[in-house]
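The primary structure of each chain is shown beneath.
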Amino acid sequence: MPPASTGASTLTVAASTPSSPVTTTDRLEPGRPGYRRMSFALFAAGVATFALLYSTQALLPSVSAAFGATAGQASWTVSAATGALALCVLPMSALSERFGRRQMMTASLVIAVTVGLFVPFAPSLGSLIALRAVQGAALAGLPASAMAYLAEEVRPKALVAAIGLFVAGNSIGGMSGRILTGWIAQLWGWRAALGAVGLLAVACAVVFHLMIPRARNFTPGTLNPKALAKTVGSHLANPLLRRLYAIGALFMTVFGAVYTVIGYRLVEAPFNLPQGVVGSIFLVYLVGTVSSAAAGRLVARLGRRGALYLAVSTTAAGLLLSLADQLAAVLLGLVLITAGFFAGHAVASSSVSRTATTGRAQASALYQSAYYLGSSAGGTLGAIAFHTGGWAGTVALGLLAVLGVVSITLYGTRAARVERLRLAPVQN
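Scope of this entry: the structure provided in the associated data block. (Residues numbered from 1 in each chain as written. Predicted model: local features only at pLDDT ≥ 70, side-chain atom pairs only at ≥ 80, totals over all residues. Heavy atoms only, no water.)

## Some points on the overall build of the protein chain
The secondary structure content of the protein chain amounts to 16 helices and 0 strands. Against the 2.2 N^0.38 benchmark of 22 Å for 428 residues, the protein chain shows a C-alpha radius of gyration of 21 Å, consistent with a compact globule. When the 428 residues of the protein chain are sorted by exposure, 59% land in the buried category. Sequence separation of at least 24 residues holds for 85% of the intrachain contacts in the protein chain that already meet a minimum separation of 6. Of the roughly 16000 Å² of accessible surface on the protein chain, a fraction of 69% belongs to carbon and sulfur atoms. In the protein chain, which carries 29 positive and 8 negative side-chain charges, the distance between the mean positions of the two groups comes to 4 Å. (Helix = DSSP H or I, 4+ residues; strand = E, 2+ residues; numbered from the N terminus. Rg over C-alpha atoms; globule rule 2.2 N^0.38 Å. Buried < 20%, exposed > 50% of the residue type's maximum accessible area, 1.4 Å probe, protein only. Contact = heavy atoms within 4.5 Å. Areas by Shrake-Rupley, 256 points an atom, 1.4 Å probe, with all protein chains shown as cover. Lys, Arg positive; Asp, Glu negative; His and termini not counted. Charge placed at Lys NZ, Arg CZ, Asp CG, Glu CD.)

## A word on the pattern of salt bridges
In this structure the tally under the stated criterion is 2 salt bridges. Among the salt bridges present, the one from Arg101 reaches Glu152, with a minimum N-O distance of 2.4 Å. Within this pair, whereas Arg101 is found in helix H5 (residues 101-118), its partner Glu152 is found in helix H7 (residues 143-153), the two being separated by 51 residues in sequence. No difference in accessibility class separates Arg101 from Glu152, as the two residues are buried. (Salt bridge = Lys/Arg side-chain N within 4 Å of Asp/Glu carboxyl O.)

## Focus: the side chain of Ser349
Relative to the elements of secondary structure, Ser349 occurs in helix H15 (residues 327-355). Residue classification places Ser349 among the buried residues on the basis of a relative accessible area of 3%. Within the structure, the side chain of Ser349 is placed 2.8 Å from the backbone oxygen of His345, a separation counted as a polar contact. Polar side-chain contacts of Ser349 include one of 3.3 Å to the backbone oxygen of Ala346. With sequence-adjacent residues up to four places away left out, Ser349 is seen in contact with Met147, Ile163 and Tyr367. (Polar contact = N/O pair within 3.5 Å; in protein donor to acceptor, adjacent residues only side chain to side chain.)

## What about the packing of helix H4 (residues 76-99) against H5?
As a packed pair, H4 and H5 sit with axes 7 Å apart at the nearest point and diverge in direction by 130°. If you check the angle between H4 and H5, you find them oblique. Facing H4, whose interface residues are Met92, Ser93, Leu95, Ser96, Glu97 and Phe99, H5 presents Arg101, Gln103 and Met104. For the contact of H4 with H5, the per-class residue count stands at 4 nonpolar, 3 polar and 2 charged. (Axes fitted to C-alpha atoms, helices over the stretch in contact; angles between N-to-C directions. Parallel < 35°, antiparallel > 145°, perpendicular 65-115°, else oblique. Nonpolar A, V, L, I, M, F, W, Y, C, P; charged D, E, K, R; others polar.)

## Regarding the packing of helix H8 (residues 159-188) against helix H13 (residues 285-293)
Direction vectors running N to C along H8 and H13 enclose 180°, while the axes themselves pass 8 Å from each other. Considering their axes alone, H8 and H13 lie roughly antiparallel with respect to each other. Of H13, the residues touching H8 (which contributes Gly164, Val167, Ala168, Ser171, Ile172, Gly174, Met175 and Arg178) are Tyr285, Leu286, Gly288, Thr289, Ser292 and Ala293. Broken down by class, the residue content of the contact of H8 with H13 amounts to 7 nonpolar, 6 polar and 1 charged.

## Considerations on unusual backbone geometry
Put simply, Ala269 and Pro270 share a cis peptide bond, and its omega is 5°. Within the fold, Pro270 resides in the loop between helix H11 (239-267) and helix H12 (275-280).

## Quick notes on the packing of aromatic side chains
Counted under the stated rule, the structure contains 11 aromatic pairs. Ring geometry for Tyr264 versus Phe386: centroids 6.4 Å apart, planes at 40°, classification tilted. Here Tyr264 is found in helix H11, whereas its partner Phe386 is found in helix H16 (residues 360-427), with 122 residues between them in sequence. In this pair, the class of Tyr264 matches that of Phe386, namely buried. Aromatic side chains Phe341 and Phe342 sit 4.9 Å apart centroid to centroid with 70° between the ring planes, which places their arrangement in the edge-to-face category. (Phe/Tyr/Trp six-rings, centres within 6.5 Å; stacked < 30°, edge-to-face > 60°.)

## Some thoughts on the environment of Ala112
Here Ala112 is to be found in helix H5. Its relative accessible area of 0% is what places Ala112 among the buried residues. Each C-alpha atom of the pair Ala112 and Thr49 lies 8.7 Å from the other, and the pair is 63 residues apart in sequence. What Ala112 contacts, discounting residues up to four positions off in sequence, is Leu52, Gln135, Ala138 and Leu139.

## Let's talk about the environment of Ala356
Its location among the elements puts Ala356 in the loop between H15 and H16. For Ala356 and Ala151, which are 205 residues apart along the polypeptide, the C-alpha to C-alpha distance reads 9.6 Å.

These values are about where atoms sit, not about what they do.
Right, here's the structure in full:
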């Protein structure tokens, strides 16, 4: 998906003074000092983000039982966090333009971790949902700032791989948080499980603070609402960016629906699995770690659209396979869904960072907003679909979202072909 065909190079100025142009020799890349520290720090931040953001997802059956809530009601403990993040990520990214990416990521982690230590003591479902919303809003300062930080500090050729490592941290956080909560909930209850996730996030926040390198290519600017609106408008006017935002939202709709509901399916007949075993199912997140980290190689071999076609095909195959009532088939389906989702997310998010030549924080923030709105919608709609149509209803919702990704990608392929034909006489 080359940005040239969309006019990305003509984007207007950012909400604040953009970072000063720097030569590629000033950027981090594999083998250079600081790259490994940066990768490790953002990996830890990714672990904390997903561990906190989805800390209640594997516990939804237990939360439902504790508060006498339906699957749809309990799913709001996830959807409130992701929805608040989606709403707050754009203003948080504007603050990062003024105060710095590193500072914004640090502050976000500190606040989210602090709230996480109070979450286990929520006295009611309403208070639990409220705390989770605050936690999601706090985490909003991290994803877009991280993408902008990478775009400014890493050489363009290494950007997909660097973002892939950050996304891999997301997958490890999602996996470890769910496994940890599953087994601890089985032994000591869901409140103890949420406390353990909070302590894991504390450790990750400390690692991030100690390891993250100083930003060398960031120039602070002033907060300017009019300039912010202009930058956001320019990004939304870019056809490629709009397609990437929609792709991120649709991929996350599938993922949010599947992983919000899968716990309910596996604790019921014909599987009847205990909570600890259900939590261990999330070991399939390791597949996401591999596929997201390999996204750069996929793009190099297949191109961006080719990598997206492969990701969406893998996701669709996993959805269909998960319809079987055999546990092995369901697990293999989850493996394929997870691999396809994380590969697609890494490709789409890195494409946003490459396409937006100015106002990268806002471009990334818009992607994150769409992405987490997809998660929130997927979690709630997936639970409703499961309540009305069983697992087949959730799969149908996922396949509808997959069809949307295919349609958008096909349209992008056709648009790029038309643009090449239009420019051909000029080039000759």
